[in-house]
Amino acid sequence: MTVLAPLVATRRPSRVVLALGRIEAHRMLRHPVLAGGLVLSGVHGWLTLRFPDDWSGARYTVAPMLLGPVMIAISMAVAGSFHRERTELVADAPVGEEVRAGGRVLGGLALVALVTLIAAVAAIVIRARGGLDLGDAPGRTLHAQFALTEVLQQPSLAVLAVGAGAAAGRRLRSHGSALLLLFTAWFPTIYVVWGFQGRGVVPFSIIQLQPVSLPITTQAADPSQYPASWLLSEPGEYQSGWMRLFTSGSLAGWHDVYLLGLAALLLGVALPRGPRVVLVSAGVVAAAVGVTMQYLVIP
Amino acid sequence: MTTATAIQPRHLEVRGLTKRYGRIEAVDDISLSLNGGLVGLLGPNGAGKTTLLRMLATVLAPDAGSLRLLGLDPSSPRHRVEIRRNLGYLPQSPDLYPRFTPLELVDYVAVLKEHTHRGRRQAEVVRVLTAVGLAGVMHRRIRTLSSGQQQRVALAAALLGDPALLVLDEPATGLDPEQRLELRSLLAAGAAHGTVVLSTHNTAEVAVLCPRVLVMSGGRILFDGTPAALRERADGMVWEDEVPDPAALRSWMTAEGRYRNLGSPPHGATRCAATLDDGYILVAGRRG
Amino acid sequence: MTAAPALVLAGATWPAARAVTWAPVIVADGALVLVAALTRRAPEDGTMPALACATTAAACVFALHDRGEVLLAAVPTGPMRRRLHRLSIVVAVAAPAWLLMRAVMPGIRGVGVLPVLALMTAGVAAAVWAPSPAVGGAPALPLLWVTADSVVSGSLGPAGDVLGWWRAEPWIVLVSALLAILAGRHR
């Protein structure tokens, strides 16, 4: 007869968080909506690579949107996890809601890790192919590469997706309402992204597309007077004058800070009162700093 | 107004009934015949009791075999509707509408059971709620009721219209002893003019209530007879001792701290009178 | 004595309406109005109509979930009849809400009811035919379909065209879904 070792409870919340995190990560990675998101993003990515650019720089500009369906899926998977907190199960457990939420967030970070991996692989592939084209003549390049901070936008978006899912799942009584709210928030974020390209609203965009188009002169001006390092876009159907196509790692970096601030704010909404105050405050500050610094970076 | 298909109020016939979930045979080639009265279905968890009851309640279609309820074939949509007009079904742990009161919920079920005359329907609703002991709380929201009271709301819904066939899945769940006594009276009344099939884990209930008991395990019926006959299966096979007997089929500690053993008693063992529990354990534990 | 189905459903309308989960419909419509307000200056490119149709259709399919389904499994008023009854109640409320949204949201003013109906009936058909564990995923069908259409956006040849049928040929989707629902009427 096998003798089992007596079951002894650990008194360390960190171990409980890790154990819960492993369970939640396992559930979220197997969630069918994640598979759907990965398939759609994969199809979108394949279509973007397969077909020639509609305009110079199309692939460079569109790339940050490609994982949009995955972000929706992450939010929905995390919402399901946090919605389970509304079911009173093991109310007598020594671990409180903060610890359980910590486990869920840790599980959500597994999805962030997945997105990070995808983004890293994509960046390596682009680098191996020699880069992407960007800009019109003069100044057009065929070797544009994403800065590290631009690549980090994807994991930052994934963290925001975790925060959004946590807030919606925990605070809305109906699971269906949470899923619909998340879809309604994410869908225009991904597909109306062009609406946030103006200089005044770029810092507030959720998905930041670079380059940012900045008007520099009227149609009649001579573009050679501008620095050779500038990427320019000539007048045409959509613009009356010359535009500078501004790309910046710093802009992307501060945008990532903004996203992480929003994520902290939303995560705070999902948590009980104690950690909520800290996270919401920190999130508001980070988001404000991120937005302000973006405005300062943009010429 | 449609002409009701003639039903045979007390008749229930099952032949070779089988239901599979993937590779698991939840109900395995079951045949039985009932002609009124009250039948108890005993069995361990996972025996297939709920699956069998769902088929008798026309909620689940079998994969093989034939079924005739009240003389009709439930595989025919028209007959199925007719059966349901004379059927009351209490599922296991049903979900109720928490914002409804018992009166509103049972009234809604009554409408769906085609009792459209408002006055008669409401009288019937009050009757069944009173019969299950919920007269005092019929205007309270269901979410404020205890689990036992909620169980009785669902039971009241099943009793609407005095159905000829009552299929009850663990109707005594959450009931206290006094409520169980009341349930026994209700079921006895139902069995007087129709057929009542109920599942339970409680052998004491079966002993008092059911002139006929079926023991089910592993999807099969292992015993079909009276409670007395089930008890007699264990006659001469029960003995008690200070320690558990390793040669016994089953052995467990009693409230007095001694061990009750079931199987072939050794020479000189102190034999005990068999109970219904002993007979059930002997029968249900022999599957395989 | 049996009662006419119409009489039964008429008597069941008010309790059925109370039993419907309205929260997804309310949340979806409220969120749509908010998003429309925030994106009112964005160029019109079909995103808002797609979002409005998908979300409204999914909310209606969500609202079909009946927590009393198990309790009511053996009543003579069958599951399909009860499902369609609930759907008609939801549509009766959602339709005026849709028309109101069209009035206040410029982005969807040109969208008729057919695309929403097409997506909604497709979701209902999925709920009828999906195996038991997957039934809860039926409301996801309108969302998934519209997202896939936005991703593919006319590429992928005929397959891409089919993805766009909910808006380009909603009659085909609507009729196909209704036929599927009819074929599953005894489920």
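Residues numbered from 1 in each chain as written. Chains lettered and ligands numbered in written order. Predicted model: local features only at pLDDT ≥ 70, side-chain atom pairs only at ≥ 80, totals over all residues.

**Looking at the overall build of chain C**
- Helices and strands together make up the secondary structure of chain C, namely nine helices and zero strands.
- When the helices and strands of chain C are listed from N to C terminus, the series reads α-α-α-α-α-α-α-α-α.
- Compactness check: chain C gives a C-alpha radius of gyration of 17 Å against a globular reference of 16 Å for 187 residues, within 12% of the reference.
- Its C-alpha atoms put chain C at 60 × 35 × 25 Å along the principal axes.
- Taken across its 187 residues, chain C has 50% of its residues classed as buried. (Helix = DSSP H or I, 4+ residues; strand = E, 2+ residues; numbered from the N terminus. Rg over C-alpha atoms; globule rule 2.2 N^0.38 Å. Buried ≥ 20, exposed ≤ 12 C-beta atoms within 10 Å, placed from the backbone.)

**Here we look at the interface of chain C and chain A**
- Every contact between the two is made by 28 residues of chain C and, on the other side, 23 residues of chain A.
- Among the secondary structure elements, those contributing two or more residues to the side of chain C that touches chain A are α2 (23-38), α3 (47-63) and α6 (140-152) of chain C.
- Looking at the side of chain C that touches chain A residue by residue, the class counts come to 19 nonpolar, eight polar and one charged. (Contact = placed C-beta atoms within 7 Å. Nonpolar A, V, L, I, M, F, W, Y, C, P; charged D, E, K, R; others polar.)

**Here we look at the sheet that holds strand β3 (residues 212-215) of chain A**
Residue and element names in this part refer to chain A.
- Strands sit in the order β3-β5-β4 across an open sheet of three strands; the sheet is antiparallel. Single-partner strands in this sheet number two, and they are β3 and β4 (231-233). Along the sheet, successive strands turn relative to each other by an average axial angle of 35°, direction set aside.
- Pairing geometry for β3 and strand β5 (residues 243-246), over four bridges, is antiparallel. Counted as the bridge partner of Leu214 is Arg244 from β5. (Pairing = 2+ DSSP bridges. Axes fitted to C-alpha atoms, helices over the stretch in contact; angles between N-to-C directions.)

**What to know about the confidence of the model for chain C**
Residue and element names in this part refer to chain C.
- Chain-level pLDDT for chain C is 88 on average; 97% of the residues reach the 70-or-more range.
- Of all the helices and strands in chain C, helix α7 (residues 157-163) carries the lowest mean pLDDT, 86, while helix α9 (residues 170-183) carries the highest, 94.
- Overall fold confidence for the complex sits at a pTM of 0.84, while the interface term, ipTM, reaches 0.90. (pLDDT = per-residue confidence, 0-100.)

**Thoughts on the domain arrangement of chain B**
Residue and element names in this part refer to chain B.
- Domains assigned within chain B are domain 1 (1-86 + 165-217), domain 2 (94-162) and domain 3 (230-284).
- Averaged C-alpha coordinates put domain 1 and domain 2 at centres separated by 22 Å.
- Contacts between the two partners involve 11 residues from domain 1, matched on the other side by eight residues from domain 2.
- Those elements that place two or more of their residues in the side of domain 1 that touches domain 2 are β6 (165-169) and α6 (177-193).
- Per element, the largest residue contribution to the side of domain 1 that touches domain 2 is three residues, and it comes from α6.
- Classifying every residue of the side of domain 1 that touches domain 2 gives five nonpolar, three polar and three charged. (Domains from an automatic or database assignment.)

**What about unusual backbone geometry?**
- Here A:Gln210 and A:Pro211 are connected by a cis peptide whose omega angle stands at 5°.
- Secondary-structure assignment places A:Pro211 in the loop between α8 (175-191) and β3.
- Here the phi dihedral of B:Asp29 falls at roughly 55°; this positive angle occurs in a residue that is not glycine.
- Looking at the secondary structure, you find B:Asp29 in strand β2 (residues 24-35).
- The phi angle at B:Ser93 is positive, at roughly 45°, despite the residue not being glycine.
- Tracing the backbone through its elements, the reader meets B:Ser93 in the loop between β5 (87-90) and α3 (102-112).

**Details of the environment of C:Val128**
Residues and elements named next belong to chain C.
- By the element assignment, Val128 lies in helix α5 (residues 114-129).
- For Val128 and Ile26, which are 102 residues apart along the polypeptide, the C-alpha to C-alpha distance reads 24 Å.
- The residues contacting Val128, other than those within four sequence positions of it, are Ile181, Gly184 and Arg187.

**Some thoughts on the packing of helix α1 (residues 5-19) of chain C against helix α4 (residues 79-104) of chain C**
Residue and element names in this part refer to chain C.
- Where α1 contacts α4, the axes come no closer than 10 Å and their chain directions differ by 55°. By the angle between their directions, the pair α1 and α4 is classed as oblique. The chirality of how α1 crosses α4 is right-handed. Taking contact as the criterion, the partners of Pro5, Leu9, Ala12, Thr13, Ala16 and Ala17 in α1 are, on α4, Arg81, His85, Arg86 and Ile89.
- Along the lines of polarity and charge, the residues of the contact of α1 with α4 split into six nonpolar, two polar and two charged. (Parallel < 35°, antiparallel > 145°, perpendicular 65-115°, else oblique. Left-handed = near helix turned anticlockwise from the far one by under 90°.)

**Remarks on the pairing of strand β10 (residues 238-241) of chain B**
Residue and element names in this part refer to chain B.
- Taken together, the four bridges between β10 and strand β12 (residues 259-262) define a ladder with antiparallel strand orientation. Paired with Glu240 across the two strands is Arg260, which belongs to β12.
- By the bridge criterion, two bridges tie β10 to strand β13 (residues 270-271) in an arrangement that is antiparallel. Bridged to Glu240 within β13 is Thr270.

**What about the confidence of the model for chain B?**
- For chain B, per-residue confidence averages 89 on the pLDDT scale, and 95% of positions sit at 70 or higher.
- Averaged over each element, pLDDT in chain B is lowest for helix α7 (residues 203-209) of chain B (83) and highest for helix α1 (residues 49-56) of chain B (95).

**Things to note about α4(C)**
Residue and element names in this part refer to chain C.
- In this model α4 runs 37 Å from its N-terminal to its C-terminal C-alpha over 26 residues, within 8% of the 38 Å that 1.5 Å per residue would give.
- For α4, the complete set of buried residues consists of Arg82, His85, Arg86, Leu87, Ile89, Val90, Ala94, Trp98 and Met101.
- Where α4 is buried, its residues touch α1, α2, α3 and α5. (Expected span 1.5 Å × (residues − 1).)

**Thoughts on the sheet that holds β12(B)**
- The strand order β11-β12-β10-β13 (chain B) describes an open sheet built from four strands, whose pairing is antiparallel. Sheet topology places β11 (250-253) and β13 of chain B at the edges, where each strand pairs with a single neighbour.

**Some points on the packing of α2(C) against α4(C)**
All names here are of chain C.
- Put simply, α2 and α4 touch, their axes get as near as 11 Å, and they point 5° apart. Taken as axis vectors, α2 and α4 run roughly parallel relative to one another. For the pair α2 and α4, the contacting residues are Val25, Asp29, Leu32 and Val33 in the first and Ala94, Ala97, Met101 and Val104 in the second.
- Looking at the contact of α2 with α4 residue by residue, the classes come out as seven nonpolar, no polar and one charged.

**Describing the nonpolar core**
- If you look at the biggest cluster of nonpolar residues, it comprises 222 residues, and the most contacted ones within it are A:Val162, A:Leu182 and B:Val106.
- Once residues lying within four places of it in the same chain are set aside, the contact partners of B:Val106 are B:Val125, B:Val128, B:Leu129, B:Val153, B:Ala156, B:Ala157 and B:Leu160. (Core = buried A, V, L, I, M, F, W, Y, C linked by C-beta atoms within 7 Å.)

**Details of the environment of A:Gln197**
All names here are of chain A.
- Inspection of the secondary structure puts Gln197 in the loop between α8 and β3.
- A C-alpha to C-alpha distance of 7.3 Å links Gln197 and Leu209, two positions 12 residues apart in sequence.
- Setting aside residues up to four positions removed in sequence, Gln197 forms contacts with Val202, Leu209, Val212 and Ser213.

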